[in-house]
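# Observations on the three-dimensional arrangement
Residue strings, one per chain:
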There are 2 protein chains.
Amino acid sequence: MTVTIYDVAREAKVSMATVSRVLNGTAVVKDETKRRVLDAIERLGYRPNAVARGLASKKTRTIGVIVPDVSAAFVAEVVRGIEDIATMYDYHIILKNSDAQLSREIDLVGTMWEKQVDGLIYMTNRLQKEHVDAFEQAQIPVVLCATEDPERRIPSVNIDSARAGRDAGQYLLSKGCKRVAFVTTEEGLSVLADRRGNGLAACTGFEQFIRIETGSGRYETALPKIRACLENNVIDGIVAATDELGLASIHAAQDAGLDVPRDVKVIAFDNTRLATMVRPEMTVIAQPMYDFGAVSMRLLTKLLLDEPVENYSVTLLHNIVERQST
Amino acid sequence: MTVTIYDVAREAKVSMATVSRVLNGTAVVKDETKRRVLDAIERLGYRPNAVARGLASKKTRTIGVIVPDVSAAFVAEVVRGIEDIATMYDYHIILKNSDAQLSREIDLVGTMWEKQVDGLIYMTNRLQKEHVDAFEQAQIPVVLCATEDPERRIPSVNIDSARAGRDAGQYLLSKGCKRVAFVTTEEGLSVLADRRGNGLAACTGFEQFIRIETGSGRYETALPKIRACLENNVIDGIVAATDELGLASIHAAQDAGLDVPRDVKVIAFDNTRLATMVRPEMTVIAQPMYDFGAVSMRLLTKLLLDEPVENYSVTLLHNIVERQST
DNA sequence: CTGTTAGCGCTTTCAT
DNA sequence: ATGAAAGCGCTAACAG
């Protein structure tokens, strides 16, 4: 029924080993023999069984990808980057959503272990000791993607978030803003978001700086909260932690009778497609989302192939894209 | 180094078979023995090797998911639905992007075959003979997700697209629209989009009906084309094939000096988050994106577990969500 | 350059 | 209720 390497060997009148060799290019095979094997493969419609291969070689060419939620625009873009590079290096990805729940995040490492993945790309809001322990126990090479390891034990790919926050602040200052708000979901939820906020807060020159916590990152719930804040505080500049919160900020300002950008300027993080499709188009601190994924995967391949690695914690560049909201 | 089932057996003073039994619940094991095994597993930190399991049992508990592009909002949501249900039934998913290229779509079936996936969830714009042949050759159970098989050979999950198109038309008629445009990427690209367009075209009562083809589905490229059309035709109602095209239509209308919804009403397909975040908020034909994925995966589990299946081509319900753009 | 032979770690008869 | 043993389909020494 299923055609095996043994069938091919018989058909080509060679040994399994030789078939394996032409399949994997593990050793030189005489051209004539190679042709016979290839012919047999063709004739029988043979496909190597990756599972058997994985068992024998202890390499599955499969990468585990653990993310909070693929349906988030940012994450989906990252996953696309991961998958593209994985394909390029002939790896497959197993995708799992953690919903940012610690217990699930840890569980999933175990699951990936059972699946014998060759490596792991990991996204989480806050890396904890439990994570590192899990990685260690599973003995799987891990690359943290858009996730910081304060102690730099685990290879990672990030931008300089504090600096990005500062850049946003500097930018608003240059636009004449004095009273600035940082709109974020909730302090303590995401290390990166906090770092951005702190970078922003560190800017000197603001007359006032407040944080607006929206609880969830959802547009609908954020909008009224931001609006309330805007009605109780005179604010002329906003930095939002995500595009969605940026848009909520713009609309909240408009609802409060303010003009964007005249009365209040808004700059948001991420630069998902949303930013360019709304009016006014949003000025953003653009994050290299696709590259987060692509570079993480590339770094992981280096780890797996024992290629030399110059830098185990890669810092990607961010940049400000000026549009109409400022 | 790596703990195997054999080590556990030795530690618990039983045979591998018994360990396997308690692991899989394949047969009754005396409570006392079971405890010894569980203890040994705990003590040794044993994790079953899913690859070895897969080879021995010929079941990998892995599902291949082939989509055009995860980074598209619609698709990402579908994938989330698939993954959730997969997890629920203890399956894993291998994700692949095809970029809607036929050759790649076919290739990927072969790749999934090699990976010995137990089943396949497949999304494509236009199912062709090549696809069906590939499925057949690989002998993998397939469920088509948001993808129609005109000949109903392959199980699938869809909405009634023609009817959805008609509903959109009917809705615009009820709003007093007479001169309607269908904004889509390009005829012939997507069967479902075409079907919607045809359903719409079949509505009687319009004084005029035109199609606006935008080439790509991207906001940026669509906007000027739609605007040009709107300047050369008197249009008072638009049905857009996606939210992104819907938003492009709204902005194009505004740029052409028209008010939405007063002068021209816009209704779009999909209902991604975009629709609720823009102003005016978009009226949509809501698609059950998450459910496309969830139901497809559920159907696939039925196929895999030999559960009775009432209906091999499931039709999900769509509905109109009325907002400000009409 | 090619063949032989052990496994890889588990499931699954078949006995007992 | 438990054990023994034969594979699953392939890779990777080791010979020759």
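These figures come from a predicted structure and were not determined experimentally.

### A few points about the sheet that holds strand β10 (residues 283-286) of chain A
Residue and element names in this part refer to chain A. Spatially, β7-β6-β8-β9-β10-β12 is the arrangement adopted by the six strands of the open sheet, whose pairing is mixed. Because the sheet does not close on itself, it has two edges, and the strands there are β7 (208-213) and β12 (319-321). Geometrically, the sheet is characterised by an average inter-axis angle of 20° between neighbouring strands, direction not taken into account. In terms of strand pairing, strand β6 (residues 179-184) meets strand β8 (residues 237-240) through four bridges, oriented parallel. The residue bridging Val-183 from the neighbouring strand is Ala-240, located in β8. The strands that helix α11 (residues 243-255) touches are β6, β8, β9 (265-270) and β10; relative to β9, the one it contacts most, it runs at about 165°.

### A word on the protein's contact with DNA strand C
Around DNA strand C sit 29 residues in total, of which A:Arg21, A:Thr33, B:Ile5, B:Tyr46 and B:Arg53 are the nearest. Protein-proximal atoms of DNA strand C, defined as those within 4 Å of the protein, fall in sugar or phosphate at a share of 61%. Of all the secondary-structure elements, those providing two or more residues to the surface near DNA strand C are α2 (16-24) and α4 (50-57) of chain A together with α2 (16-24) and α4 (50-57) of chain B. Examining the composition of the surface near DNA strand C, we find that five residues originate from one element, α2(B), more than from any other. Here the surface near DNA strand C is composed, by residue class, of 13 nonpolar, nine polar and seven charged.

### A look at the domain arrangement of chain A
With domains assigned, chain A is organised as domain 1 (1-58) and domain 2 (161-288). The straight-line distance from the C-alpha centre of domain 1 of chain A to that of domain 2 of chain A is 59 Å.

### Observations regarding the protein's contact with DNA strand D
Contacts to DNA strand D come from 29 residues, most closely from A:Ile5, A:Tyr46, B:Ser15, B:Arg21 and B:Thr33. Of what DNA strand D places within 4 Å of the protein, 63% of the atoms are sugar or phosphate. Between DNA strand D and the protein, one listed contact pairs a phosphate oxygen with a side-chain N or O atom of A:Ser20 at 2.8 Å. Between DNA strand D and A:Asn24 there is a distance of 3.0 Å, counted from a phosphate oxygen to a side-chain nitrogen or oxygen. Every element with two or more residues in the surface near DNA strand D is listed here: α2 and α4 of chain A together with α2 and α4 of chain B. Here the surface near DNA strand D takes five residues from α2(A), the largest share from any one element. Per-class residue counts for the surface near DNA strand D are 13 nonpolar, nine polar and seven charged.

### Focus on the relation of the copies chain B and chain A
Overlaying chain B on chain A yields an RMSD of 0.1 Å, the required transformation being a rotation through 180° with an accompanying axial translation of 0.1 Å. This pairing of chains is accounted for by a two-fold axis. When C-alpha distances to the rotation axis are compared across chain B, the minimum falls at B:Ile94, with a value of 2.3 Å. By residue overlap, the copies meet face to face through one surface: 100% of the interface positions of chain B are interface positions in chain A.

### Things to note about the nonpolar core
With 146 residues, the main nonpolar core has A:Val79, A:Leu95, A:Phe292, B:Val79, B:Leu95 and B:Phe292 as its most contacted residues. If sequence neighbours within four positions are ignored, A:Val79 has contacts with A:Val67, A:Val70, A:Ile93, A:Leu95, B:Val70 and B:Leu95. Ranked by size, the runner-up nonpolar core spans 34 residues in total, among them A:Ile94, A:Val109, A:Tyr122 and A:Ile154.

### Thoughts on the side chain of A:Thr147
Mapped onto the fold, A:Thr147 is located in the loop between β4 (142-145) and β5 (156-159). Within the structure, A:Thr147 has its side chain in polar contact with the backbone oxygen of A:Cys145 (distance 2.8 Å).

### Some details on helix α6 (residues 102-114) of chain B
Residues and elements named next belong to chain B. In a regular helix each residue adds 1.5 Å, so 13 residues correspond to 18 Å; α6 covers 19 Å between its end C-alpha atoms and thus fits that length. Along α6, the residues classified as buried are Glu-105, Leu-108, Val-109, Gly-110 and Met-112. Buried residues belonging to α6 abut β1 (62-67), β2 (92-97), β3 (119-122) and α7 (129-138). One or two steps after α6, the chain reaches Gln-116, where phi turns positive at roughly 60°.

### Things to note about the sheet that holds strand β8 (residues 237-240) of chain B
Residues and elements named next belong to chain B. Strand order in the open sheet formed by six strands is β7-β6-β8-β9-β10-β12, and the pairing between neighbours is mixed. The two strands at the open ends of the sheet, each matched to only one other strand, are β7 (208-213) and β12 (319-321). Direction aside, neighbouring strands of the sheet carry axes that sit 20° apart on average. Strand direction decides the pairing type here: β8 and strand β9 (residues 265-270), joined by four bridges, are parallel. Bridged to Ala-240 within β9 is Ala-268.

### Looking at the packing of aromatic side chains
Two measures describe an aromatic ring pair: the distance that separates the ring centres and the angle between the ring planes. Residue and element names in this part refer to chain A. Across all of its chains, the model carries four aromatic pairs over all chains by this definition. Measuring from centroid to centroid gives 6.1 Å for Phe-74 and Phe-292, while their planes differ by 40°, and the two rings are tilted. Taken as a pair, Phe-74 in helix α5 (residues 73-88) and Phe-292 in helix α13 (residues 289-305) lie far apart in primary sequence, 218 residues in all. A relative accessible area of 17% means that Phe-74 is categorised as buried. The aromatic ring of Tyr-91 is capped on one face by Arg-61, whose charged end is 4.3 Å from the ring centroid. Positioned above the aromatic ring of Phe-269, the side-chain terminus of Arg-196 is 4.2 Å from the ring centre.

### Thoughts on the pairing of β7(B)
Residue and element names in this part refer to chain B. The alternating pattern of β7 places Gln-208, Ile-210 and Ile-212 on a buried face and Phe-209, Arg-211 and Glu-213 on a face that is not buried. Both strand β6 (residues 179-184) and β7 contribute to a ladder of six bridges, which runs parallel. By the bridge assignment for β7, Phe-182 is matched with Arg-211. The handedness of the β6 to β7 crossover, carried by helix α9 (residues 191-201), is right-handed.

The rules behind these values
Residues numbered from 1 in each chain as written. Chains lettered and ligands numbered in written order. Predicted model: local features only at pLDDT ≥ 70, side-chain atom pairs only at ≥ 80, totals over all residues. Heavy atoms only, no water. Pairing = 2+ DSSP bridges. Helix = DSSP H or I, 4+ residues; strand = E, 2+ residues; numbered from the N terminus. Axes fitted to C-alpha atoms, helices over the stretch in contact; angles between N-to-C directions. Contact = heavy atoms within 4.5 Å. Near = heavy atom within 4 Å. Nonpolar A, V, L, I, M, F, W, Y, C, P; charged D, E, K, R; others polar. Domains from an automatic or database assignment. Polar contact = N/O pair within 3.5 Å; in protein donor to acceptor, adjacent residues only side chain to side chain. Least-squares fit on C-alpha atoms with pLDDT ≥ 70 in both. Core = buried A, V, L, I, M, F, W, Y, C linked by side-chain atoms within 4.5 Å. Buried < 20%, exposed > 50% of the residue type's maximum accessible area, 1.4 Å probe, protein only. Expected span 1.5 Å × (residues − 1). Phe/Tyr/Trp six-rings, centres within 6.5 Å; stacked < 30°, edge-to-face > 60°. Lys NZ or Arg CZ within 6 Å of the ring centre and 35° of its normal. Right-handed = clockwise from strand over helix to strand, strands pointing away.

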